[in-house]
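Residue-level structural notes
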Amino acid sequence: MSAPFVSVDPRLLRAFLAVAEELHFTRAAARLYVAQQALSRDVRRLERELGAELFVRTTRQVTLTADGERLLPLARRMLDAQEELLAAFGQVRPLLVDLNSEGLGTTRRVLMRARELAPAHELTARYESGLTKAADDLLAGRLDASFGRFAGLAPAVRARLAHQPVRYEPMAVFLPEGHPLATLDAVPVRALAGATVYAGAGNPGTREWTGLARQLFERYGILPASPVPMAVGREEFARVMTRTRVPVLSVVDFSAMPGAVLRPLVDPVPLSPVSLVWRKSLVHPGLDALRAAAAKISRAEGWLKKPTEGWIPATDEDVMNGHI
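Notes on the structure follow. (Residues numbered from 1 in each chain as written. Predicted model: local features only at pLDDT ≥ 70, side-chain atom pairs only at ≥ 80, totals over all residues. Heavy atoms only, no water.)

Another point: the overall build of the protein. Along the backbone of the protein there are 11 helices and 13 strands. Dimensions of the protein along its principal axes, counting C-alpha atoms only, are 85 × 45 × 35 Å. Taking all 324 residues of the protein together, 46% fall into the buried category. Residue pairs in contact within the protein that sit at least 24 positions apart in sequence constitute 75% of those at least 6 positions apart. In the structure as shown, the protein presents an accessible area of about 16400 Å², 55% of it carried by carbon and sulfur atoms. Distance between charge centroids for the protein: 2 Å, based on 41 positive and 35 negative side chains. (Helix = DSSP H or I, 4+ residues; strand = E, 2+ residues; numbered from the N terminus. Buried < 20%, exposed > 50% of the residue type's maximum accessible area, 1.4 Å probe, protein only. Contact = heavy atoms within 4.5 Å. Areas by Shrake-Rupley, 256 points an atom, 1.4 Å probe, with all protein chains shown as cover. Lys, Arg positive; Asp, Glu negative; His and termini not counted. Charge placed at Lys NZ, Arg CZ, Asp CG, Glu CD.)

Below, the discussion takes up the packing of aromatic side chains. Any two aromatic rings considered together are summarised by their centre-to-centre distance and by the angle between their planes. One pass over the structure, following the stated rule, counts three aromatic pairs. Seen in terms of ring centroids, Phe 25 and Phe 55 are 6.1 Å apart; in terms of plane orientation they differ by 70 degrees. Their pairing is edge-to-face. Linking Phe 25 in helix H2 (residues 25-32) with Phe 55 in strand E1 (residues 55-57), this pair joins segments that are 30 residues apart in sequence. Exposure class is identical for Phe 25 and Phe 55. Each is buried. Grouped by ring-pair contacts, the aromatic residues Phe 16, Phe 25 and Phe 55 constitute a single cluster. (Phe/Tyr/Trp six-rings, centres within 6.5 Å; stacked < 30°, edge-to-face > 60°.)

A few words on helix H1 (residues 10-22). The end-to-end C-alpha distance of H1, which contains 13 residues, comes to 18 Å, matching closely the 18 Å that a straight helix rising 1.5 Å per residue would cover. Along H1, the residues classified as buried are Leu 12, Leu 13, Ala 15, Phe 16, Leu 17, Ala 18, Val 19, Ala 20 and Glu 22. For H1, the N-terminal cap is Asp 9; the gap from its side-chain oxygen to the backbone nitrogen of Arg 11 is 2.9 Å. Following H1 by one or two positions, Leu 23 has its phi on the positive side, about 50 degrees. (Expected span 1.5 Å × (residues − 1). Polar contact = N/O pair within 3.5 Å; in protein donor to acceptor, adjacent residues only side chain to side chain.)

Next up on the list: the environment of Asp 253. With respect to the helices and strands, the residue Asp 253 is situated in the loop between strand E10 (248-251) and strand E11 (260-266). Residue Asp 253 is classed as partly exposed on the basis of its relative accessible area of 28%. Taking the C-alpha atoms as reference points, Asp 253 and Tyr 198, separated by 55 residues in sequence, lie 18 Å from one another. Beyond its immediate chain neighbours, meaning those up to four positions away, Asp 253 contacts Gly 103, Leu 104, Gly 105, Thr 106, Arg 167 and Glu 169.

Spelled out as structure tokens, the structure:
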């Protein structure tokens, strides 16, 4: 006699997946916006329906059993298939996109164009740090898409994500008002030799940006500023800039900040490689709109044409060209 058919509620698989990726019931419950007791109840119900113990729970830690390890890739595939099915029939959840910072014009323009291309779908923006942090959220299913320097992620992380090159964005520097270099229309990189410049050191969410800056700084004798807490918001940025008088590495399309002037860097032009990044298994019409928007703007404005005097690490260029 064959075993009875078991129909698994996708909600139970989401509960399992959240706990499997967080290995912590409290964090998993917060991620799903449910009470911890309800989450535990769903996991126990799934274990009963499958006839298998999925987690080893102790007072100190949660680990996957062999059956839990076996279920993990299957659960991901089943939930991805459900999203694809719903998308095919127009039943689509909002797409959550991290733009990294409200000041970044490139990412904001891509999102605005995508909303024009897909007015029937909700594309929701958030602004949280850099691609390093966003990558963790992408892989955990807490986020759908982000932007940034794809080459700055670990190879094992890149292997689980997809990316589409968007722009070689010229870098710039924020200088405090009254700084000797602020009178220039553009700042030669060599003029910063021996100067201290802040590039996100100490912020674990922007390691990809700090790593790119480190290569530039080492090449041209620029000193990286010591780690400091992130200045969040325009007023806080202005206060820190006024107090420290330390230049801040940025990009040319960053919006104006009080107490500072933005100047492009030249001779050479350092380039920040920007990609649209998403989880490989993601199927969503909002993502299709983002990709189309990025491609349209890139073509129209030549965002992927490198200036002849541009500087970029060889590894980044290989990643942007699909060689790695």
